[in-house]
Amino acid sequence: MIKSLAALALSLAPLIAEAQTEGCRLALVLAIDVSSSVDQGEYALQSGGLASALISPDVVRAFLASPRPVALAIFEWSGRYNQVMVQDWVMIRSRAHLLYVAEKVARFERSYDEFPTAMGYALGHAAGLLERAPACDAKTIDISGDGVTNEGFQPSDAYNAFNFEGVTVNGLVINGADHEGETDLVPYYQKEVLHGAGAFLQVAQGFRDFERAMARKLEREVAPGFFSQNQFQPSPKEKGAPSLVRPARIALPLIPGSAQP
């Protein structure tokens, strides 16, 4: 297995280098919460859930639905100075590329487990990653977490301090209610975290629901034409797992045949 992974990594090396120069339809950053509120069992559910979501049939179809690929990067975040890359920029062109990333996620050793939740710093780090991303039609940050910011500046401050021009920030709330403040997590994300045109919030009902929620979120984010579809035809809420859409902060052109909301 190790030899096969090494061979796959070598075969993907040109694609990783190519991601630095070739255009694509979307540059997507996944920011994964590993703050101290996430215990080892929850971390296993989270990392395993992300790995499984990346290779779920609907997500694979969404990634490969256009000849123009998606550039993907993943990092873990917790405290102010605790952001660690899991996967640097790679161009996703086939299921094999998603399988490579999923195996890397599943095998990744947790970076930190003792630091608080510094979401503003995590968003600043994500903005920096997008600054060196390949040239793409759109830029999206997908940040997940099980708690509100309790160290450093708020997400809204990050949006003022860093370059978020043309960037959409979506959220994935892990709604466990095991820690103080989690009952207010959905409105916190709606007010402080969601940013940009068509930004939306997906909710996981605990870490065991993380795989389903992440798959649903990725499917929507990477689908070709997502921004126009999301702006004018929001998806209905799923029972027990709401997906909440925030109105765009900028006006978008009407899509032919669509109605003004």
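In this text the structure is predicted, and so the values were computed from the model without any measurement. Every chain is numbered on its own, with residues counted from 1 as its sequence reads. Per-residue local features of the predicted model are confined to residues with pLDDT of at least 70, and side-chain atom pairs are confined, for both listing and counting, to 80 or more; whole-chain, interface and lining totals are unaffected and use all residues. Calculation of side-chain values draws on the structure's entire complement of heavy atoms; hydrogens and water are dropped beforehand.

Student: What exactly am I supposed to notice about the side chain of Thr149 here?
Tutor: Only DSSP runs of H or I with at least four residues qualify as helices, and only runs of E with at least two residues qualify as strands; both kinds are numbered from the N terminus onward. Locating Thr149 in the fold gives a position in the loop between strand S4 (136–145) and helix H6 (155–161). There is a polar contact of 2.9 Å between the side chain of Thr149 and the side chain of Tyr188. Any two residues whose heavy atoms approach within 4.5 Å are treated as being in contact. Beyond its immediate sequence surroundings of up to four residues, Thr149 is in contact with Thr117, Met119, Gly120, Gln154, Pro155 and Tyr188. The definition of a polar contact used here is a pair of N or O atoms within 3.5 Å, where within protein one atom must be able to donate a hydrogen and the other to accept one, and adjacent residues in sequence count solely through side-chain atom pairs.

Student: I'm lost on the packing of helix H2 (residues 40–54) against helix H4 (residues 95–107) in this one. Help?
Tutor: A pair of packed helices is characterised by two quantities: the angle between their axes and the separation of those axes. Close contact between H2 and H4 brings their axes to 8 Å; oriented N to C, the two are set at 175°. One element, H2, and the other, H4, form an angle in the roughly antiparallel class. In this structure, H2 uses Ser47, Leu50, Ala51 and Leu54 to contact H4, whose residues at the interface are Leu98, Val101, Ala102, Val105 and Ala106. Three classes are used, and their members are as follows: Ala, Val, Leu, Ile, Met, Phe, Trp, Tyr, Cys and Pro are nonpolar, Asp, Glu, Lys and Arg are charged, and the others, Gly among them, are polar. Classifying every residue of the contact of H2 with H4 gives eight nonpolar, one polar and no charged. Inter-axis angles, ranging from 0 to 180 degrees, are taken between N-to-C directions of lines fitted to C-alpha atoms, where helices are fitted over the stretch in contact. By the definition adopted for this analysis, an angle is roughly parallel if under 35 degrees, roughly antiparallel if over 145, roughly perpendicular if from 65 to 115, and oblique otherwise.

Student: Please explain the pairing of S4 as it appears in this structure.
Tutor: Within a regular beta strand, the side chains point alternately toward one face of the sheet and then the other, so they alternate between its two faces. When you tally the buried positions in S4, you get eight out of ten residues, the bulk of the element. What makes two strands pair is DSSP finding at least two bridges between them. With seven bridges joining them, strand S1 (residues 24–33) and S4 adopt parallel strand pairing. Opposite Leu28, over in S4, you have Thr140 as the bridge partner. Sheet topology places S4 next to strand S5 (residues 167–174); seven bridges connect them, and they run parallel. Each residue gets one of three labels from its accessible area relative to the maximum for its type: buried under 20%, exposed over 50%, partly exposed in between, using a 1.4 Å probe on protein chains only.

Student: How should I be thinking about H2 in this particular structure?
Tutor: Residues separated by three or four positions in an α-helix point in the same direction, a consequence of the helix having 3.6 residues per turn. Compared with an ideal rise of 1.5 Å per residue, which puts 15 residues at 21 Å, H2 spans 21 Å between its outermost C-alpha atoms and is within 8% of the ideal. Residues Glu42, Tyr43, Gln46, Ser47, Gly49, Leu50, Ala51, Ala53 and Leu54 constitute the buried set of H2. To estimate how far a helix should extend, the number of its residues minus one is multiplied by 1.5 Å.

Student: Sorry, what's going on with the packing of H2 against helix H8 (residues 210–222) here?
Tutor: With their axes 8 Å apart at the nearest point, H2 and H8 run at an angle of 40° to one another. By the angle between their axes, H2 is oblique relative to H8. Here the hand of the crossing between H2 and H8 comes out right-handed. Note on element contacts: H8 touches H2 through Phe210, Glu211, Met214, Ala215 and Leu218, opposite Gln46, Gly49, Leu50, Ser52, Ala53 and Leu54. Here the contact of H2 with H8 is built from residues that sort into seven nonpolar, three polar and one charged. Crossings are assigned a handedness: left-handed for a near helix turned anticlockwise from the far helix by less than a right angle, right-handed for a clockwise turn.

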